[in-house]
Amino acid sequence: MDRVSAFDEPLKKLLGGATAKVMAEHLDLHTVGDLLHHYPRRYEERGRLTALADLPLDEHVTVVAQVADARVLMFNNGRGKRLEVTLTDGHGRLQLVFFGHGVHKPHKELLPGRRAMFAGKVSVFNRKMQLAHPTYQLLDAESVDEAGATEAVDAFAGRLLPIYPACKQLDSWRIAKAVDTVLPSAQEVVDPLPPSLREGRGFTALPEALLKVHRPQTKADIAEARDRLKWDEAFVLQVALARRRYADTQLPAAARGPRPGGLLDAFDAKLPFTLTDGQRKVSKEIFDDLATEHPMHRLLQGEVGSGKTMVALRAMLRVVDAGGQAAMLAPTEVLAQQHHRSITEMMGELAEGGMLGGSEQGTKVVLLTGSMGVAARRKALLDLVTGEAGIVIGTHALIEDKVRFHDLGLVVVDEQHRFGVEQRDALRSKGKQPPHLLVMTATPIPRTVAMTVFGDLETSVLDQLPAGRSPIASHVVPAKDKPHFLSRAWERVREEVENGHQAYVVCPRIGDDAEDEAAGKKAKKKTPEDDGEKRPPLAVLEIAEQLAKGALAGLRVEVLHGRMNPDDKDDVMRRFAAGDVDVLVATTVIEVGVNVPNATAMVIMDADRFGVSQLHQLRGRVGRGSAPGLCLLVSEAHEAAPARARLSAVAATLDGFELSRIDLEQRREGDVLGQAQSGVRSSLRMLTVIDDEEVIAAAREEAVAIVAADPELTRLPELRTALDALLDKEREQYLDKG
């Protein structure tokens, strides 16, 4: 069997239909290669008991522990039976509970002193951690009746036990048995690494690495296997990205050079402030790219409020000067309207090209969104196709087939992670030849993630805040432990309004009928073990009503959320920007790009339900003027909860790069490349982007050298095969679209 057939063999052939079905449905494992790349999460040593004290709530776990106590209790006047088993590891204790007919077998087997592996979902009952009806496998020889089974259990418990990422339907040791079945196939796989590279870096061969990661004899085996498998993941991905970058350098694009005395010069001359050094430096990088005859592919990262829009606008004006058009794509209508407003304000008469009172050097700046009236839309489309409009700002509506450009030269994508790859691609295909591409994000991305997720883009970073920006003080408000803190939070909002300022209150959900109906359907699907679930997240409509009648009575309170009619949304935003609304109670629609310098306070309700980056984004909406900002993170999580630690981290620093690192560490089990980027499962199983910066950087260097020497990899057929295997077709397309 060659590598392809060894890795591509369907699991159904080797494991049988039932097991293969569970693996496909619940673990997304379909082939031998998938299962061989489903690595153990950790390893248990025989005789070493797991720390029961730090089990994560609501997660499926596997523990190795000893039975301390087991007793059968009656309830319902003797009609019901419950077996309670207490486990210990010498430090912590954990309770198991079995009901009804499920009591008999464990009652006979789980005797005090016995050791076993237990798997189940961690819940809390009467303030104690417990596993209800866990599956288990006994690990001590005395507990095995049939002599033949003793050896199997011993083999299982005798060496390092692999603990696999499992699910309710398939526990870790059943996955281990399945791996045993497919492991012989690992010996047939062809090694993708060029021999010179493998020997030069002292890596073990791939078949051996797979054997050692699944069935290690020693800890050194695990380390050796991990080094090799991490390298493969980083290297294959970096080769794909290097090929992508190489292919881009072969594409033609129209060079958009400077035009002295043009629109950009006129704009710069009327700026009421000087650009920061960072803005100047990044603009130069972008202008240099625009002047070449290959399409620019650049990622512009900037802290919240670092002036990215200004940099993007200057790039768009440069392209208009060179006879092209520029399109700016925003993820929401609120944001597209906001960008259109702020860009036309910044440009003044320069945005009124061809109109009475407009500047001779000016151009037209049009807005195109899905909810525009037919006449306005027709006019905007005409301005684009004739070239009358040099700049267009819009949402997904820009991508529709009907939209035609006269000469599209630059695409600016705001908040790239909200945007599907296909959409970016569709817009790029509207140029006569590939337009230049500038991707902006206010979510700071650690260098390793940028190299991995955005490896086909050159990166520019804006890390200076413009002069005149005010500091933001952030505090956690523990609403449950200290209700008077919440009362004080509303007093602070009132004080800000009395001083002539405005405030945001952010809630995780809307609270309208459509949402409640969806929540109701979800509730019906709940299993009995979900009963202890927390209350639903706080809702905009309820909180707004409570505040208007209670803590903020007398103030002008309005709501803003995604399900409102677009005209109503725009109306509320305009009135808030004009100072006619004191407090805006909103969902995260205000998260990105909303700019109201007079808004100084933000209260985020149920703050523990938001991610670190999202909280940082939201907070960036205040402190945008000369008055200091205040951000209050309201949470009912108890002090020891991980969620509270996350909030404290956000309150402690305004450095987005530091927060993105914390965020990444906390989401490490998740998939960094995740759904947001490609819509398909990542090929990363072993690599943790946060820890493996050196591996990624070295892999990138090797990949660039290999692709420069042999772009088509004709001399490295095994590597080509590995690319096809690791980067399944959808993912290749994702990389292709950049």
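Residues numbered from 1 in each chain as written. Predicted model: local features only at pLDDT ≥ 70, side-chain atom pairs only at ≥ 80, totals over all residues. Heavy atoms only, no water.

## Here we look at helix 20 (residues 540-549)
Part 1: Listed in full, the buried residues belonging to helix 20 are Val540, Ile543, Ala544 and Leu547. Seen from one end, helix 20 has its buried residues packed into an arc of 100°, which puts them on one side. The outward face of helix 20, more than 90 degrees from its buried face, is lined by the exposed residues Gln546 and Lys549.
Part 2: Buried-residue contacts for helix 20 involve helix 18 (483-498), strand 17 (502-506), strand 18 (557-560) and strand 19 (583-586). (Buried < 20%, exposed > 50% of the residue type's maximum accessible area, 1.4 Å probe, protein only. Helix = DSSP H or I, 4+ residues; strand = E, 2+ residues; numbered from the N terminus. Arc of directions from axis to C-beta. Contact = heavy atoms within 4.5 Å.)

## Let's talk about the sheet that holds strand 19
Part 1: Spatial strand order, 16-21-20-17-19-18: 6 strands in an open sheet with parallel pairing. Edge positions in the sheet fall to strand 16 (472-478) and strand 18, since each of these pairs with one other strand and no more. Going across the sheet, the axis of each strand differs from the next one's by a mean of 20°, ignoring polarity.
Part 2: Summarising the sheet, strand 20 (residues 599-604) and strand 21 (residues 629-635) pair through 4 bridges and their orientation is parallel. Of the residues in strand 21, the one forming a bridge with valine 603 is leucine 632.
Part 3: Where helix 21 (residues 566-577) meets the sheet, it contacts strand 17, strand 18, strand 19 and strand 20, and its direction lies at approximately 135° from that of strand 18.
Part 4: Its contacts with the sheet put helix 23 (residues 642-652) on strand 16 and strand 21, and the angle it makes with strand 16 is roughly 160°. (Pairing = 2+ DSSP bridges. Axes fitted to C-alpha atoms, helices over the stretch in contact; angles between N-to-C directions.)

## A short note on the packing of helix 7 (residues 172-186) against helix 9 (residues 206-214)
Each pair of packed helices can be described by the angle between their axes along with the distance between the axes.
Part 1: Where helix 7 contacts helix 9, the axes come no closer than 9 Å and their chain directions differ by 160°. When the axis of helix 7 is compared with that of helix 9, the two are roughly antiparallel. Every pair of crossing elements has a handedness; the one defined by helix 7 and helix 9 is left-handed. For the pair helix 7 and helix 9, the contacting residues are Val179, Leu183 and Ala186 in the first and Pro207, Leu210, Leu211 and His214 in the second.
Part 2: Of the residues contributing to the contact of helix 7 with helix 9, the split by class is 6 nonpolar, 1 polar and no charged. (Parallel < 35°, antiparallel > 145°, perpendicular 65-115°, else oblique. Left-handed = near helix turned anticlockwise from the far one by under 90°. Nonpolar A, V, L, I, M, F, W, Y, C, P; charged D, E, K, R; others polar.)

## Comments concerning the side chain of glutamate 496
Part 1: Along the chain, the position of glutamate 496 falls in helix 18.
Part 2: The exposure class assigned to glutamate 496 is buried, which follows from its relative accessible area of 9%.
Part 3: In terms of polar contacts, glutamate 496 uses its side chain to reach the side chain of threonine 600, at 2.6 Å.
Part 4: Dropping the residues within four chain positions of it, glutamate 496 is found in contact with His501, Thr600 and Ala601. (Polar contact = N/O pair within 3.5 Å; in protein donor to acceptor, adjacent residues only side chain to side chain.)

## Things to note about the packing of aromatic side chains
For any pair of aromatic rings, the description rests on two quantities: the centre-to-centre distance and the angle between the ring planes.
Part 1: Enumeration over the complete set of coordinates arrives at 6 aromatic pairs.
Part 2: Arranged with centres 6.0 Å apart and planes meeting at 15°, the rings of tryptophan 231 and phenylalanine 235 form a pair that is stacked. Separated by 4 residues within a single helix, tryptophan 231 and phenylalanine 235 lie in helix 10 (residues 219-250), roughly one turn from each other.
Part 3: Its relative accessible area of 0% is what places phenylalanine 235 among the buried residues.
Part 4: Taking NZ or CZ as reference, arginine 318 lies 4.1 Å from the ring centre of phenylalanine 287, over its face. (Phe/Tyr/Trp six-rings, centres within 6.5 Å; stacked < 30°, edge-to-face > 60°. Lys NZ or Arg CZ within 6 Å of the ring centre and 35° of its normal.)

## Comments concerning the confidence of the model for the protein chain
Part 1: Here the protein chain averages 81 in pLDDT, while 82% of its residues score no lower than 70.
Part 2: Element-level mean pLDDT values for the protein chain span from 36 in helix 25 (residues 674-678) up to 95 in strand 17.
Part 3: Note on residues 525-533: pLDDT is under 50 here. Beyond four places in sequence and across chains, it has 5 contacts.
Part 4: Between residues 732-738, whose pLDDT stays under 50, and residues either more than four places distant or in other chains, the model counts 22 contacts. (pLDDT = per-residue confidence, 0-100.)

## Details of the environment of glutamate 693
Part 1: Mapped onto the elements of the fold, glutamate 693 is located in helix 26 (residues 693-709).
Part 2: Glutamate 693 sits 242 residues away from methionine 451 along the chain, and the two C-alpha atoms are 9.2 Å apart.

## Section: the environment of leucine 193
Part 1: Examined against the element boundaries, leucine 193 turns out to sit in the loop between helix 7 and helix 8 (195-200).
Part 2: Leucine 193 gets classed as buried once you look at its relative accessible area, which sits at 3%.
Part 3: Distance in space between the C-alpha atoms of leucine 193 and valine 236 is 9.1 Å, their sequence separation being 43 residues.

## Observations concerning helix 12 (residues 277-290)
Part 1: Under the 1.5 Å per step criterion, the end-to-end length of helix 12 is 20 Å for 14 residues, consistent within 8% with the ideal 20 Å.
Part 2: Residues Gly278, Gln279, Val282, Ser283, Ile286, Phe287, Asp289 and Leu290 constitute the buried set of helix 12. An end-on view of helix 12 places all buried positions within 160° of arc, on one side of the element. Away from the buried face of helix 12 by more than 90 degrees, exposed residues Asp277 and Lys284 are located.
Part 3: Buried residues in helix 12 make contact with helix 11 (263-269), strand 9 (297-302), helix 13 (308-321), strand 13 (408-414), strand 14 (436-441) and strand 15 (458-462). (Expected span 1.5 Å × (residues − 1).)

## Re the nonpolar core
Part 1: By size, the foremost hydrophobic cluster in this structure holds 39 residues, and its most contacted members are Met316, Met347, Ile391 and Leu410.
Part 2: Looking at which element gives the most residues to this core, the answer is helix 13, with 9 residues.
Part 3: If sequence neighbours within four positions are ignored, methionine 316 has contacts with Ala326, Met328, Ile343, Ile391, Leu410 and Val412. (Core = buried A, V, L, I, M, F, W, Y, C linked by side-chain atoms within 4.5 Å.)

## Overview of the sheet that holds strand 15
Part 1: The strand order across the open sheet built from 7 strands is 11-12-10-13-14-9-15, with neighbouring strands paired in parallel fashion. Since the sheet does not close on itself, it has two edges, and those belong to strand 11 (364-368) and strand 15, each with one partner. Pairwise comparison of adjacent strand axes, ignoring direction, gives a mean angle of 20° for this sheet.
Part 2: Relative to strand 12 (residues 389-394), strand 11 is paired through 5 bridges, and the arrangement is parallel. Residue pairing across strands places leucine 368 opposite glycine 394, the latter belonging to strand 12.
Part 3: Running at roughly 170° to strand 13, helix 13 makes contact with strand 9, strand 10 (325-329), strand 12, strand 13, strand 14 and strand 15 of the sheet.

## What about the environment of aspartate 191?
Part 1: Looking at the element boundaries, aspartate 191 is found in the loop between helix 7 and helix 8.
Part 2: The sequence separation of aspartate 191 and leucine 719 amounts to 528 residues, and the corresponding C-alpha distance is 8.0 Å.
Part 3: Excluding residues that lie within four positions of it along the chain, aspartate 191 makes contacts with Arg198, Ala205, Leu206, Arg228 and Glu718.
Part 4: At 3.2 Å, the side chain of aspartate 191 and the side chain of arginine 198 are in polar contact.

## Notes on the pattern of salt bridges
Part 1: A complete count under the given rule lists 38 salt bridges for this structure.
Part 2: Among the salt bridges present, the one from aspartate 288 reaches lysine 284, with a minimum N-O distance of 2.8 Å. Taken together, the residues span about one helical turn, with aspartate 288 and lysine 284 both in helix 12 at a distance of 4 residues.
Part 3: Overall, aspartate 288 belongs to the partly exposed group, its relative accessible area being 41%.
Part 4: You can call lysine 284 exposed: its relative accessible area is 52%.
Part 5: The salt bridge partner of aspartate 383 is lysine 364, with a shortest N-O separation of 3.2 Å. (Salt bridge = Lys/Arg side-chain N within 4 Å of Asp/Glu carboxyl O.)

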